[in-house]
Amino acid sequence: MVFRKYGAPKEVMELVNDWKIPKPSKNKVLVRVECSSVNAADRYMVRANYFVIRLLLGLFRPAKKRRVLGMDIAGTIEAIGKGVKGFEVGDAIVAERRKALGGGFAEYAVVDVADLVKKPDDISFEQAATVPISGQAAMMGLTLCALKPGDKVLINGASGGVGSFGIQIAKAQGFHVTAICSTKKASAVKSWGADEIVDYKKRDSIKGLNGSDFDAIFDTASFECPGRYKPMLKKDGRYVLVGGDFYKMLTLKLFSRFDRGSQKFIALSQDVEVTTNIKTVLRMIADKKINPAIQKVISLKEVPDAIHSLEERTVIGKIVVNLNSTL
């Protein structure tokens, strides 16, 4: 699935079958992709609605090697380049594709061996494909929240991919979860383990959270000023921004270092290796402590519609792309 220019996903993305199968160079492997999943990054990249995206992909149109989106990969190693150790042809693996800026929406991808994690046998490829971006970000964000069992955490954007993992991981670690989402998504969010639900469309409900004394706020979808959450935090509480407006994340990352208040406002940082977090989340799934919230499984040709659904904010949990599906 490629896009040769920027714009609405259903207008600029197309399925092609003449793409050459790449060959793995030193310290890389060729993966036959079984499954991927759709993330917010895909919607931002296809439209290039932040200038920094054009700097990374191509100023006026995406460069040829940047035309395949998809940040998650779950698949099987088909070939190995020189210098690869610890992995063999036939191994089932999971990998994140942020450094490569995509590549998951294709039958084959070349992946750096340092980015590989072996898939546990008792997890399906569909489950595994939800983890590299959303599951990893949820684990990293909650780690930065620095909570202990019994602490109260408020999760904004609770019905999305990161939020669905965040709720389950938080409950598995013994935290009390208040989730912000829309009423129509509340049933799903409650099923993931949220203790309380707040409808973000009801302003009085949001204002009613002031003085709640949350130990941490885990914000997966901030499009408003993070300062709005200050009255909801304990005097030594933490606010961790994981997703939403790029410029708000950048501003928070730049200026939080100068904040000397007792409350801490933090933009997501990779304090634990991505592969370590992916392994942890995969193990939690294998141990039945959490379960990926898969809304539906689609074929490759349905990816543009799925990205459009993200833009329409109708997705609950994760949409998985099965490369073997012919739906």
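Below you will find a few notes about this structure. (Residues numbered from 1 in each chain as written. Predicted model: local features only at pLDDT ≥ 70, side-chain atom pairs only at ≥ 80, totals over all residues. Heavy atoms only, no water.)

Our next topic: the packing of helix α2 (residues 40-47) against helix α11 (residues 303-311). The geometry of α2 relative to α11 is characterised by a closest axis approach of 9 Å and an angle of 100° between their N-to-C directions. As the angle between them shows, α2 and α11 are arranged roughly perpendicular. Along its contact with α2, which presents Ala40, Asp42, Arg43 and Arg47, the element α11 presents Ile307, Leu310 and Glu311. For the contact of α2 with α11, the per-class residue count stands at 3 nonpolar, no polar and 4 charged. (Axes fitted to C-alpha atoms, helices over the stretch in contact; angles between N-to-C directions. Helix = DSSP H or I, 4+ residues; strand = E, 2+ residues; numbered from the N terminus. Parallel < 35°, antiparallel > 145°, perpendicular 65-115°, else oblique. Contact = heavy atoms within 4.5 Å. Nonpolar A, V, L, I, M, F, W, Y, C, P; charged D, E, K, R; others polar.)

Turning to the environment of isoleucine 167, a few remarks are in order. Examined against the element boundaries, isoleucine 167 turns out to sit in helix α6 (residues 161-172). Spatially, the C-alpha atoms of isoleucine 167 and threonine 178 are 8.8 Å apart, while their sequence positions differ by 11 residues. Not counting chain neighbours up to four residues away, the residues in contact with isoleucine 167 comprise Ile155, Ala158, Val177, Ala179, Val189, Trp192, Gly193 and Ala194.

Look at helix α5 (residues 131-145): 20 Å from first C-alpha to last across 15 residues, which is about the 21 Å you get at 1.5 Å a residue. Extensive coverage of α5 is indicated by the burial of 14 of its 15 residues. Alanine 146, located one to two residues past α5, shows a positive phi value of around 55°. (Expected span 1.5 Å × (residues − 1). Buried < 20%, exposed > 50% of the residue type's maximum accessible area, 1.4 Å probe, protein only.)

In this section: the nonpolar core. The biggest cluster of nonpolar side chains holds 63 residues, and the ones touching the most others in it are Val153, Ile167 and Ile169. If we ignore the near neighbours within four places in the chain, the residues touching valine 153 are Leu147, Ala170, Phe175, His176, Val177, Thr178, Phe214, Ala216 and Phe218. (Core = buried A, V, L, I, M, F, W, Y, C linked by side-chain atoms within 4.5 Å.)

The next point concerns the environment of proline 226. Looking at where proline 226 falls in the secondary structure, it is placed in the loop between β11 (214-219) and β12 (233-241). With relative accessibility at 11%, the residue proline 226 sits in the buried group. Look past the residues within four positions of proline 226 in its chain and what remains in contact with it is Tyr239, Lys248 and Phe265.

Strand order in the open sheet formed by 6 strands is β10-β9-β8-β11-β12-β13, with parallel pairing between adjacent strands. Each edge of the open sheet is held by one strand with a lone partner, namely β10 (196-199) and β13 (264-267). The average angle at which neighbouring strand axes cross in this sheet is 15°, direction not considered. Strand direction decides the pairing type here: β11 and β12, joined by 5 bridges, are parallel. Within β12, the position partnered with alanine 216 by the bridge is arginine 238. Together, β11, β12 and β13 form the strand contacts of α5, whose direction differs from that of β11 by roughly 150°. Taken strand by strand, helix α9 (residues 246-255) contacts β12 and β13, and its axis lies near 125° from that of β13. (Pairing = 2+ DSSP bridges.)

For the pair α5 and α6, interaxial distance at closest approach is 8 Å and the crossing angle is 50°. Considering their axes alone, α5 and α6 lie oblique with respect to each other. As for the relative orientation of α5 and α6, their crossing is right-handed in sense. On the side of α5, the interface is formed by Val131, Ser134, Gly135, Ala137, Ala138, Met139 and Leu142, while α6 contributes Gly161, Val162, Phe165, Gly166, Ile169 and Ala170. Within the contact of α5 with α6, the residues separate by chemical class into 9 nonpolar, 4 polar and no charged. (Left-handed = near helix turned anticlockwise from the far one by under 90°.)

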